[in-house]
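Chain by chain, the residues:
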Amino acid sequence: MVKMTCYSRIFCKNIVILLVTGFAALYLSTTNAKPATFLQDFRITWSDSHIKQLDGGRAIQLLLDQNSGCGFASKSQYLFGRVSMKIKLIPGDSAGTVTAFYMNSDTDNVRDELDFEFLGNRTGQPYSVQTNVYAHGKGDREQRVNLWFDPAADFHVYTILWNHHHVVFSVDEVPIRVYKNNEAKGVPFPKFQPMGIYSTLWEADDWATRGGLEKIDWSKAPFYAYYKDFDIEGCAMPGPATCASNQANWWEGTGYQQLDAVAARRYRWVRMNHMVYDYCTDKHRYPVTPPECMDGI
Ligand SMILES: *[C@@H]1O[C@H](CO)[C@@H](O)[C@H](O)[C@H]1NC(C)=O
């Protein structure tokens, strides 16, 4: 027990403030603690036998072989928020495989969906990360960047931030895709439907690598991807009315409504140096440039 003596009123007041903030910080850090295990927030949706929990459930391994791929999903759906996880992709020859991390409203004709898809490649060739955005059932907004590091050598953080102003896809806090709310230009924005969080590992060698030219090499199977540090900060639905409001939550705050100067600089760097495909500049598909592409960056 520490014995406290007050030498002056100011000093005592400071001690009290220190103690109060100390306890408040401790309280916040425990209530905001990340879930300890995968199964607290997620369930397996496809092929139990191909998903293995590691490190007491804090990490998982996904497996793809000739029998099956596999997948998992969040138990809840969320309306706005920020989701991130650390992923270590299939090393070596991953051509023809796709590892995905996405959010989806699960509503057939008016689906909202935010996609990260990691397209494998032959040994030594770069992985591509494809992002896509569906709003009110309309997708076909693919962009691709080749990563500036080997995503199979180590874990990296992949994040989707979703608020009323934009959707930002980031890799290690570097934005690689921004889909702004362009409702003013008549472009739909995902705003009304909660979305679940999903991940799958599967074979897609009819399109994934060099447009389907590179086939999966099953002699290299099984293929493994690893996930850990699942972090969901969002309004689980059904939730309080404040979830749908554009003020109540931190991810709607002024600091999150547009990229700050550092993030904007990083985003420009990715677009100038690592972008390999953008539907916005694909004149074959879009002779008329879609309105959301007029944003600039
Ligand atoms: C795979 O590697 C080739 C050759 O370097 C590259 O053109 C392509 O963008 C890479 N990614 C995919 C998914 O094909």
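Residues numbered from 1 in each chain as written. Predicted model: local features only at pLDDT ≥ 70, side-chain atom pairs only at ≥ 80, totals over all residues. Heavy atoms only, no water.

Some words on the layout of surface pockets
Rolled over the atoms, a probe sized like a water molecule indicates the empty space that remains. Within this model, the largest pocket holds a volume of roughly 560 Å³. Along its surface, the largest pocket is lined by 23 residues, and Arg82, Thr159, Ser170, Glu173 and Tyr256 are the ones closest to its centre. Counting only elements with at least two residues in the lining of the largest pocket, the list comes to β4 (70-88), β9 (156-162), β10 (166-171), β13 (223-237) and α3 (261-273). (1 Å grid on protein atoms, 1.4 Å probe; cavity = no way out; pocket = protein on both sides within 12 Å on 5 of 7 lines; lining within 4 Å. Points joined across faces, edges and corners; volume = space filled by probe spheres on them. Helix = DSSP H or I, 4+ residues; strand = E, 2+ residues; numbered from the N terminus.)

Concerning the state of the cysteines
Formally, a disulfide is one covalent bond, and it connects the sulfur atom of one cysteine to the sulfur atom of another. For the structure shown, the criterion picks out one disulfide. Between the sulfur atoms of Cys280 and its disulfide mate Cys293 the distance is 2.0 Å. With the S-S bond torsion at -75°, the cross-link from Cys280 to Cys293 turns out left-handed. A residue pair is termed long-range when its members are at least 10 positions apart, and Cys280 in the segment after β14 (275-278) and Cys293 in the segment after β14 qualify at 13 residues. Both residues of the pair, Cys280 and Cys293, count as buried. (Disulfide = S-S within 2.5 Å. Buried < 20%, exposed > 50% of the residue type's maximum accessible area, 1.4 Å probe, protein only.)

A word on empty space enclosed by the protein
In total, this model carries one cavity of 30 Å³ or more according to the counting rule given. One number sums up the size of the largest cavity: a volume of about 30 Å³. Surrounding the largest cavity, Tyr78, Phe80, Gly81, Arg82, Val83, Met103, Ile160, Trp162, Glu233 and Gly234 form its lining. Looking at the lining of the largest cavity, the elements with two or more residues in it are β4, β9 and β13. Looking at the lining of the largest cavity, the element that brings in the most residues is β4, giving five residues. For the lining of the largest cavity, the per-class residue count stands at six nonpolar, two polar and two charged. (Nonpolar A, V, L, I, M, F, W, Y, C, P; charged D, E, K, R; others polar.)

Section: the UniProt feature "glycosylation site" (unreviewed entry) in the protein
Mapped onto the present numbering, the UniProt feature "glycosylation site" (unreviewed entry) falls on Asn121. With respect to the helices, strands and loops of the structure, Asn121 is situated in the loop between β6 (113-119) and β7 (128-134). Among the residues examined, Asn121 registers a relative accessible area of 12% and is labelled buried. Ignoring sequence-local partners within four residues, the contact set of Asn121 consists of Gly92, Asp93, Ser94, Ala95, Pro126, Tyr127 and Thr209. (UniProt positions renumbered as here; feature names shortened; annotations may be inferred. Contact = heavy atoms within 4.5 Å.)

Details of the site of the ligand
In the vicinity of the ligand, the contacting residues are Leu119, Gly120, Asn121, Gln125, Pro126, Ser128, Asn146, Ala208, Thr209 and Arg210. The contact in question runs from an oxygen atom of the ligand to an N or O atom on the side chain of Gln125, over 2.5 Å. Relative to its unbound accessible surface of 360 Å², the ligand loses 73% to contact with the protein. Grouping the amino acids of the shell around the ligand by side-chain chemistry returns three nonpolar, six polar and one charged. (Near = heavy atom within 4 Å. Polar contact = N/O pair within 3.5 Å; in protein donor to acceptor, adjacent residues only side chain to side chain. Areas by Shrake-Rupley, 256 points an atom, 1.4 Å probe, with all protein chains shown as cover.)

A look at the nonpolar core
Counting residues in each nonpolar core, the largest one holds 56 residues, and the members touching the most others are Phe72, Phe101 and Phe116. The biggest single contributor to this core is β4, with eight residues. (Core = buried A, V, L, I, M, F, W, Y, C linked by side-chain atoms within 4.5 Å.)

Concerning the environment of Leu114
Here Leu114 shows up in strand β6. You can call Leu114 buried: its relative accessible area is 0%. Residues Leu114 and Asn104, ten residues apart in the sequence, show an inter-C-alpha distance of 6.6 Å. Setting aside residues no more than four positions away along its own chain, Leu114 makes contact with Phe101, Tyr102, Met103, Asn132, Val133, Ile160, Trp162, Val167, Phe169, Pro190 and Met195.

What about the packing of aromatic side chains?
Taken as a whole and judged by the stated rule, the model has 22 aromatic pairs. A centroid spacing of 6.2 Å and a plane angle of 90° characterise the contact between Phe72 and Phe230, whose relative ring orientation is edge-to-face. Here the residue Phe72 occupies a position in strand β4, and Phe230 occupies one in strand β13, the gap between them amounting to 158 residues. With a relative accessible area of 1%, Phe72 lands in the buried category. (Phe/Tyr/Trp six-rings, centres within 6.5 Å; stacked < 30°, edge-to-face > 60°.)

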